[in-house]
Amino acid sequence: MDPRVTRGHYDVVIAGARCAGASTAMLLARRGFSVLVVDPLARGSDTLSTHALMRGAVLQLARWGLLDEIRSRGTPSIPTTTFHYGREQIRIPIKPGDGVDALYAPRRTVLDTVLVDGAIDAGAEVVHGVALSDLLRGGDGRVRGALLTDADRAAVEVTADLVIGADGVRSKVARLVNADTTRTASHAAASVYGYWKGLPADGNHWYYDTDVSVGTIPTNDDATCVFALVPRRRFDARGSAGLALIHREALETVSPEIASTVANAEQAEKLRAFPGLPGFFRRSVGAGWALVGDAGYFKDPITAHGITDALRDAELLARAFSRGGDEALLSYEATRNGLAEGLLWVTDRIASFEWDIDEVKKLHLQLSDEMKAEVGHILALDADA
């Protein structure tokens, strides 16, 4: 077993070292707790993500002192977002304030590594190549720790006051504790995306038309993430062999100009796809365990809010654990649900593609209101520090 597992007992053991797990670990370690984070994948590995940060996420990184590091790794600032509704364009400048000067969209190879480094700097132990394979329980059924296994099947038991699942939508921790799904959304969009070099880097662009949404997001290495989202039925009809066709048809539908620009640019990486999954809430707190990030709450990526959710909920969970007791953890879940309910609903409506241009505009206004409320809640946390 990796020698970085230095203790037999930790205050908190976290499964998953991505944005939700690494953030939670960093915040808990900064508060003086002993934290172990394990992840079966290699440090800095990529993952499916369009990696856009909404204002709430940029605000979190600024508050945590990590935004300068994101910038220093070559992540371009995104000063504007332009919505394209058919032929209509609405350009929105990002208003500076509260440490937020622009939006950013770091590759996950950058963001997750910065957060892991932040956790280590705070005193957390982060071990890659090791997975949580089972939970330890006391005679009362309460989770008391975890069984950890590496690639060579070497295993070690560690005890903990809290075990957190930050291990994604197919969370092993959620399965082991039989976390119920308390709400399921009705729709799921399929997404196909890739990276191109040489595209104009003049901010985020979001395009909407019948049965299609397209986005272009400037990111690291002078590349732009270009994604297309379509109803699941269109994806199923084409299959994985038709990714390039799905992507090209979507771009041509929303804008022949952007389709031509992308076709003449340098494609930096192969296309990737996510067939879609309806959003959900899971019960995210129990006796000795909790879930954070996509493990506990997931919504369709069509509103590009997943990372922002993860960073927000990491802080909510860390603060709840710091207050102590099961009731505080229950308050984490209640607060998260209150902030996320409206976001899930409006995202589900957009992912349905059962809208016309006038309606999707109204949905985006509702989404904006939900995100403003989220930012307000984050700012108010400082008063309770």
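The structure presented is a predicted model; accordingly, all values stated were derived computationally and were not measured.

So, how was this worked out
Residues numbered from 1 in each chain as written. Predicted model: local features only at pLDDT ≥ 70, side-chain atom pairs only at ≥ 80, totals over all residues. Heavy atoms only, no water. Helix = DSSP H or I, 4+ residues; strand = E, 2+ residues; numbered from the N terminus. Rg over C-alpha atoms; globule rule 2.2 N^0.38 Å. Buried < 20%, exposed > 50% of the residue type's maximum accessible area, 1.4 Å probe, protein only. Areas by Shrake-Rupley, 256 points an atom, 1.4 Å probe, with all protein chains shown as cover. Lys, Arg positive; Asp, Glu negative; His and termini not counted. Charge placed at Lys NZ, Arg CZ, Asp CG, Glu CD. 1 Å grid on protein atoms, 1.4 Å probe; cavity = no way out; pocket = protein on both sides within 12 Å on 5 of 7 lines; lining within 4 Å. Points joined across faces, edges and corners; volume = space filled by probe spheres on them. Pairing = 2+ DSSP bridges. Contact = heavy atoms within 4.5 Å. Axes fitted to C-alpha atoms, helices over the stretch in contact; angles between N-to-C directions. Polar contact = N/O pair within 3.5 Å; in protein donor to acceptor, adjacent residues only side chain to side chain. Expected span 1.5 Å × (residues − 1). Core = buried A, V, L, I, M, F, W, Y, C linked by side-chain atoms within 4.5 Å. Salt bridge = Lys/Arg side-chain N within 4 Å of Asp/Glu carboxyl O. Bend = angle between axes of the 7 residues up to and from the residue.

## Looking at the overall build of the protein
Helices and strands together make up the secondary structure of the protein, namely 11 helices and 18 strands. Computed over the C-alpha atoms, the radius of gyration of the protein is 21 Å, within 12% of the 21 Å expected from 2.2 N^0.38 for a compact globule of 385 residues. Taken along its principal axes, the extent of the C-alpha atoms in the protein is 65 × 45 × 40 Å. Going through the 385 residues of the protein one by one, you find that 56% of them count as buried. Carbon and sulfur atoms provide 50% of the accessible area of the protein, an area that totals close to 15500 Å². In the protein, the 42 positive side-chain charges and the 51 negative ones have mean positions that sit 1 Å from each other.

## Looking at the layout of surface pockets
Counted as a void, the largest pocket has a volume near 1100 Å³. For the largest pocket, the lining is made up of 42 residues, of which Thr47, Leu48, Arg108, Gly168 and Asp294 are closest to its centre. Breaking the lining of the largest pocket down by element, the ones donating at least two residues are α1 (19-30), β2 (35-39), β6 (130-137), β10 (189-197), β18 (297-298) and α9 (306-323). If you tally residues by element for the lining of the largest pocket, the top one is α9, at four residues.

## Some points on the sheet that holds strand β9 (residues 181-184)
Across the sheet, which stays open at both edges, the three strands sit in the order β9-β15-β18 with antiparallel pairing between neighbours. Every interior strand has two partners, whereas the edge strands, β9 and β18, have only one. Note: strand β15 (residues 280-282) against β18, two bridges, orientation antiparallel. Across the sheet, Phe281 pairs through a bridge with Tyr297, a residue of β18. Contacts between helix α10 (residues 326-352) and the sheet are confined to β9, β15 and β18, with β15 contributing the most and set at about 170° to the helix.

## Here we look at the sheet that holds strand β4 (residues 88-93)
If you walk across this open sheet you meet the seven strands as β4-β3-β11-β12-β13-β10-β14, and the pairing is mixed. The open sheet has two free edges, formed respectively by β4 and β14 (266-274), since each of these has just one partner strand. Neighbour-to-neighbour, the strand axes of the sheet open up by a mean angle of 15°, direction not taken into account. Where strand β3 (residues 80-85) and β4 come together, six bridges link them in antiparallel fashion. Paired with Thr82 across the two strands is Arg91, which belongs to β4.

## Some points on the side chain of His364
Its location among the elements puts His364 in helix α11 (residues 357-381). A distance of 3.3 Å separates the side chain of His364 from the side chain of Tyr208, its partner in a polar contact. Not counting the four nearest positions on each side in its chain, His364 is found in contact with Phe83, Tyr85, Tyr208 and Ile350.

## Here we look at α11
If you check α11, its first and last C-alpha atoms are 37 Å apart, about what 25 residues at 1.5 Å a residue would give, namely 36 Å. Buried within α11 we find Val360, Leu363, His364, Leu367, Met371, Glu374, Val375, Ile378 and Leu381. At its buried positions, α11 is contacted by α2 (55-63), β3, β11 (204-209), α9 and α10.

## Considerations on empty space enclosed by the protein
Take a probe with the size of a water molecule and roll it over the atoms, and the empty space left behind shows itself. On inspection of all chains with the given rule, the structure shows one cavity of 30 Å³ or more. What lines the largest cavity is simply Ala17, Arg18, Asp39, Leu41, Ala42, Arg43, Gly44, Ser45, Asp112, Thr113, Val116 and His128. Considering every element that reaches the lining of the largest cavity, the biggest residue donor is helix α4 (residues 108-122), with three residues.

## Some remarks on the nonpolar core
With 87 residues, the main nonpolar core has Leu61, Leu115 and Ile164 as its most contacted residues. Of the residues forming this core, the biggest block, nine residues, is contributed by α10. Residues contacting Leu61, with those up to four places away along its chain left out, are Leu53, Leu66, Leu67, Ile70, Leu111, Leu115 and Leu311. Core analysis: the second largest hydrophobic core is formed by 23 residues, Ala15, Val130, Ala160 and Ala295 among them.

## Some words on the pattern of salt bridges
Tallied over the full model, the rule gives 26 salt bridges. Here Arg108 makes a salt bridge to Asp112, at a shortest N to O gap of 3.0 Å. Placement of the pair is Arg108 and Asp112 together in helix α4, with a separation of four residues, close to one helical turn. For Arg272, the salt bridge identified is with Glu269, shortest N-O distance 2.8 Å. Put simply, Lys299, Asp309, Arg312, Asp313 and Glu374 are held in one network by salt bridges that share partners.

## Some details on the environment of Val192
Mapped onto the elements of the fold, Val192 is located in strand β10. Sequence separation between Val192 and Ala131 is 61 residues, and the spatial gap between their C-alpha atoms is 29 Å. Setting aside anything within four residues of it in sequence, one finds Val192 in contact with Val226, Phe227, Ala228, Phe235, Leu243, Ile246, His247, Leu271, Arg272 and Ala273.

## Things to note about α10
Helix length check: α10 (27 residues) gives 37 Å between terminal C-alpha atoms against 39 Å at 1.5 Å per residue, within 8%. Along α10, the sharpest change in direction is near 40° and occurs at Ala340. Just beyond α10, the residue with positive phi is Phe353, at close to 60°.

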